[in-house]
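The residues making up each chain are set out below.
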Amino acid sequence: MSEALAQLQAPLALQGDAPDKGPGETAALDLLLFDSGRVTFALRAKQVEEVIAWRAPAPLPRVGPRVRGILQDRGRIVVIVSVPLAEPAEAPLRIVVCRTARGYLGLPAGKTRCVAAVEVFGELSPDVVVDTSEGKVTFLDVTHLLDAAGGAPQPVAAPREARAAGSGR
């Protein structure tokens, strides 16, 4: 490759956790792998805040079926959602806590393990099974999980303006 071409491509060289690559290419990523039922899921390690012991969440009224409830952990409210495509499993052992722009999201998990430099063969897309150096995993993205769960639970009460109009004030 010519030196001029190398200089042109140098600013485009990606370091560390590179964006997803296309099929047939490999990337080495830091992933948190966790089991739910017989399925192994993968999250980018940088999306995970921590893994805590399982506690039953408090139920929330009027939310979608994927929202299992909420719990408070060290001053933060964590919304627990079921993982799409997960098989029904025995009681979860842990909660994978992820920080998002909308708050904290928790995913029920069985065994968990953080693995550095996992080789990923193929394109990473949410809910897609990919082949890795750790075996086949279903890749998850926290942002996609929020969208699929309908975002953070929202109260069902009418907005203040609508309540005031309805009361005749």
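Keep in mind the model is a prediction, meaning the values are calculated, not measured. (Residues numbered from 1 in each chain as written. Predicted model: local features only at pLDDT ≥ 70, side-chain atom pairs only at ≥ 80, totals over all residues. Heavy atoms only, no water.)

Regarding the overall build of the chain
Thought 1: A tally of helices and strands in the chain yields three helices and ten strands.
Thought 2: Going through the 169 residues of the chain one by one, you find that 36% of them count as buried.
Thought 3: Restricting the contact set of the chain to residue pairs at least 6 apart, pairs at least 24 apart contribute 57%.
Thought 4: Here the chain displays about 10200 Å² of accessible surface, and carbon together with sulfur accounts for 54% of that area. (Helix = DSSP H or I, 4+ residues; strand = E, 2+ residues; numbered from the N terminus. Buried < 20%, exposed > 50% of the residue type's maximum accessible area, 1.4 Å probe, protein only. Contact = heavy atoms within 4.5 Å. Areas by Shrake-Rupley, 256 points an atom, 1.4 Å probe, with all protein chains shown as cover.)

Looking at the pairing of strand β4 (residues 67–73)
Thought 1: By the bridge criterion, six bridges tie β4 to strand β5 (residues 76–81) in an arrangement that is antiparallel. The residue of β5 that forms the bridge with L71 is V78.
Thought 2: Joining the antiparallel neighbours β4 and β5 is a turn of two residues, in which R74 adopts a positive phi near 50°. (Pairing = 2+ DSSP bridges.)

Looking at the confidence of the model for the chain
Thought 1: Residues at a pLDDT of 70 or more form 67% of the chain, whose mean pLDDT is 74.
Thought 2: When pLDDT is averaged over each helix and strand of the chain, the minimum, 43, is found for helix α1 (residues 3–9) and the maximum, 94, for strand β3 (residues 48–53).
Thought 3: Predicted confidence is poor over residues 4–24, with pLDDT under 50, and the contacts of this stretch with residues over four places away or in other chains come to 22 contacts.
Thought 4: Here residues 151–164 is a poorly scored stretch, pLDDT under 50, and it has twelve contacts once near neighbours within four places are set aside; other chains count. (pLDDT = per-residue confidence, 0-100.)

Description of the side chain of D141
Thought 1: Tracing the chain through its elements places D141 in the loop between β10 (135–139) and α2 (142–148).
Thought 2: Here D141 occupies a buried position and makes no salt bridge, while the nearest side chain of opposite charge, R44, is found at 5.3 Å.
Thought 3: Of note is the side chain of D141, whose polar atom sits 3.1 Å from the side chain of Q47.
Thought 4: A distance of 3.1 Å separates a polar side-chain atom of D141 from the backbone nitrogen of T143.
Thought 5: Those residues within four positions of D141 in sequence are excluded, and the remaining contacts are L43, Q47 and P126. (Lys, Arg positive; Asp, Glu negative; His and termini not counted. Salt bridge = Lys/Arg side-chain N within 4 Å of Asp/Glu carboxyl O. Polar contact = N/O pair within 3.5 Å; in protein donor to acceptor, adjacent residues only side chain to side chain.)

A closer look at the nonpolar core
Thought 1: One finds F34, L43, V96, L107 and L140 to be the most contacted residues of the largest nonpolar core, which totals 18 residues.
Thought 2: Of all the secondary-structure elements, those providing two or more residues to this core are β1 (26–36), β2 (39–44), β5, β6 (94–100), β7 (103–109) and α2.
Thought 3: Every residue in contact with V96, bar those within four places of it in the chain, is listed here: L32, F34, L43, V48, E50, V51, L105, G106, L107, A109 and T112.
Thought 4: Core analysis: the next-biggest nonpolar cluster, separate from the first, contains twelve residues, L29, L33, A42 and V137 among them. (Core = buried A, V, L, I, M, F, W, Y, C linked by side-chain atoms within 4.5 Å.)

A few points about the sheet that holds β5
Two pairing modes exist for strands in a sheet, parallel and antiparallel, and in both the strands are linked by backbone hydrogen bonds.
Thought 1: One open sheet accounts for five strands, arranged β3-β6-β7-β5-β4; its pairing is mixed. In this open sheet, the two strands that pair with only one neighbour each are β3 and β4. Pairwise comparison of adjacent strand axes, ignoring direction, gives a mean angle of 30° for this sheet. (Axes fitted to C-alpha atoms, helices over the stretch in contact; angles between N-to-C directions.)

With respect to unusual backbone geometry
Thought 1: Despite not being glycine, R62 has its phi angle at roughly 55°, a positive value.
Thought 2: You can see R62 is positioned in the loop between β3 and β4.
Thought 3: When its relative accessible area of 67% is taken as the criterion, R62 is described as exposed.
Thought 4: Backbone geometry places A117, a non-glycine residue, at a positive phi of 55°.

Remarks on the side chain of T132
Thought 1: Note on placement: T132 falls in strand β9 (residues 128–132).
Thought 2: The exposure class assigned to T132 is buried, which follows from its relative accessible area of 7%.
Thought 3: Separated by 3.0 Å, the side chain of T132 and the backbone nitrogen of E134 make a polar contact.
Thought 4: A distance of 2.6 Å separates the side chain of T132 from the backbone oxygen of G135, its partner in a polar contact.
Thought 5: Residues in contact with T132, not counting those within four places in the same chain, are V118, E119, V120, F121 and V137.

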